[in-house]
Amino acid sequence: MTNFMSQWVYTPVVKDHFMNPRNTWQEEENFQADGIGEVGSLACGDQMQVLIKVENDTIADLRWLTYGCASAIASTSMMSELAIGMSLEEAYNLSPDMITEALGGLPEHKFHCSVLGDKALRAAIDDYLEKAERDNPFKSNVAKTICECKGVTDVQIEDLVKRGEAKTLEQLQEITEFGTVCGKCKQQVSDLFDEFKHIYNV
């Protein structure tokens, strides 16, 4: 019982960011965003929107809005504090582990909440670069190869799902040819596919 209950204990930092969230979006503020990232779905639980201002390839300011649990709110609040002042490259590489560590840890079953903040920030940077008609040199830095035989990365899978080009696992396989050689990656690709469909509500 002790171990089970301990998983629900939030650190003082998490409680502080939940009760006093930083950099939240306020309608009356009229925040003019250079890039907007949105992930999640109200139908599935957590939904998150991140708005960024960019100056000299640096996150000059950031606002966010989320519907979710205490962990999601605290994680996004901490993410906003960490991201402001970072270069676009640093912000793009801001990981869930870094956010969770800054919070002093999250209950194990709540770790996925920090992933939403990470994805929304990256989506906002993607949006900024796309609007500026610039290439995105950061994606390759965060990409992890999932299918070694065909060189398919998690970022490639994410992009195909996000853009709606792969609406089913079969379509994803037709495009990338994952799992057509040794097949060891099939379960991992399937899990990632389901995760990205949930995150981007597609």
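Engineer: Describe the pairing of strand E2 (residues 47-55), naming the residues involved and giving the relevant values.
Structural biologist: Direction of pairing for strand E1 (residues 35-40) relative to E2: antiparallel, over a ladder of 6 bridges. When the bridges of E2 are listed, valine 39 appears paired with methionine 48. Summarising the sheet, E2 and strand E3 (residues 58-67) pair through 9 bridges and their orientation is antiparallel. Note on E3: the bridge partner recorded for glutamine 47 is tyrosine 67.

Engineer: Give me the lowdown on the pattern of salt bridges, citing residues and values where you can.
Structural biologist: Counted under the stated rule, the structure contains 11 salt bridges. For lysine 119, the salt bridge goes to glutamate 158, with nearest N and O atoms at 3.5 Å. Remark: glutamate 158 occurs in helix H8 (residues 154-162) and lysine 119 occurs in helix H6 (residues 112-131); sequence separation between them is 39 residues. Its relative accessible area of 7% is what places lysine 119 among the buried residues. Because the salt bridges share partners, they merge into one network encompassing Glu29, Asp61 and Arg63.

Engineer: I'd like a description of the nonpolar core, backed by residues and values.
Structural biologist: Residues Val50, Ile52, Leu62, Leu121, Ile125 and Ile157 are the most contacted members of the largest nonpolar core, which totals 47 residues. Not counting residues up to four positions away in its chain, the partners in contact with isoleucine 157 are Ile146, Val152, Leu172, Val189, Leu192 and Phe196.

Engineer: With reference to specific residues and values, describe the sheet that holds E2.
Structural biologist: Read across the open sheet, the 3 strands follow the order E1-E2-E3; overall the sheet is antiparallel. In this open sheet, the two strands that pair with only one neighbour each are E1 and E3. Between one strand and the next, the sheet's axes are offset by a mean angle of 15 degrees, whatever the strand orientation. Contacts from helix H3 (residues 70-83) reach E2 and E3 within the one sheet, and its direction differs from that of E3 by about 175 degrees.

Engineer: With reference to specific residues and values, describe the confidence of the model for the chain.
Structural biologist: Counting all residues, the mean pLDDT for the chain is 84, and 88% of those residues have values of 70 or more. Here residues 1-8 is modelled with pLDDT under 50, and outside its nearest four sequence neighbours on either side it reaches 4 contacts, counting other chains as well.

Engineer: Requested: an account of the environment of glycine 164, with residues and values cited.
Structural biologist: Its location among the elements puts glycine 164 in the loop between H8 and helix H9 (169-176). Judged by relative accessible area, which is 28%, glycine 164 ranks as partly exposed. Measuring from C-alpha to C-alpha, the distance between glycine 164 and lysine 197 comes to 9.4 Å, with 33 residues separating the pair along the chain.

Engineer: Give a description of H3 that names residues and reports values.
Structural biologist: When the terminal C-alpha atoms of H3 are compared, their 20 Å separation across 14 residues agrees well with the 20 Å that a helix rising 1.5 Å per residue should span. Of all 14 residues that make up H3, 12 are buried, and the element is covered over most of its length. Phi turns positive one or two residues past the end of H3, at glycine 85, with a value near 100 degrees.

Engineer: Mind laying out the packing of aromatic side chains, listing which residues take part and the relevant values?
Structural biologist: Evaluated as defined, the whole model comprises 1 aromatic pair. Their ring planes at 40 degrees and their centres at 5.8 Å tell us that tyrosine 92 and phenylalanine 138 sit as a pair that is tilted. In this pair, tyrosine 92 is assigned in helix H4 (residues 88-92) and phenylalanine 138 in the loop between H6 and helix H7 (139-142), connecting sequence segments 46 residues apart. Like phenylalanine 138, tyrosine 92 is buried. Sitting over the face of the ring of phenylalanine 31, lysine 53 holds its NZ or CZ atom 4.7 Å from the ring centroid.

Engineer: Tell me what's going on with the environment of glycine 151, and back it up with residues and numbers.
Structural biologist: One can find glycine 151 in the loop between strand E4 (145-147) and strand E5 (152-153). Put simply, glycine 151 and phenylalanine 178 are 27 residues apart on the chain and 8.3 Å apart in space, counted from C-alpha to C-alpha. Not counting the four nearest positions on each side in its chain, glycine 151 is found in contact with Thr145 and Gln156.

Engineer: Before we move on, can you summarise the packing of H8 against H9 with the specific residues and values?
Structural biologist: As a packed pair, H8 and H9 sit with axes 11 Å apart at the nearest point and diverge in direction by 125 degrees. The orientation of H8 relative to H9 falls into the category oblique. Handedness of the H8/H9 crossing: right-handed. For the pair formed by H8 and H9, the contact residues are Gln156, Ile157 and Leu160 on the first element and Leu172, Ile175 and Thr176 on the second. In terms of residue class, the contact of H8 with H9 is built from 4 nonpolar, 2 polar and no charged.

About the criteria used
- Residues numbered from 1 in each chain as written.
- Predicted model: local features only at pLDDT ≥ 70, side-chain atom pairs only at ≥ 80, totals over all residues.
- Heavy atoms only, no water.
- Pairing = 2+ DSSP bridges.
- Helix = DSSP H or I, 4+ residues; strand = E, 2+ residues; numbered from the N terminus.
- Salt bridge = Lys/Arg side-chain N within 4 Å of Asp/Glu carboxyl O.
- Buried < 20%, exposed > 50% of the residue type's maximum accessible area, 1.4 Å probe, protein only.
- Core = buried A, V, L, I, M, F, W, Y, C linked by side-chain atoms within 4.5 Å.
- Contact = heavy atoms within 4.5 Å.
- Axes fitted to C-alpha atoms, helices over the stretch in contact; angles between N-to-C directions.
- pLDDT = per-residue confidence, 0-100.
- Expected span 1.5 Å × (residues − 1).
- Phe/Tyr/Trp six-rings, centres within 6.5 Å; stacked < 30°, edge-to-face > 60°.
- Lys NZ or Arg CZ within 6 Å of the ring centre and 35° of its normal.
- Parallel < 35°, antiparallel > 145°, perpendicular 65-115°, else oblique.
- Left-handed = near helix turned anticlockwise from the far one by under 90°.
- Nonpolar A, V, L, I, M, F, W, Y, C, P; charged D, E, K, R; others polar.

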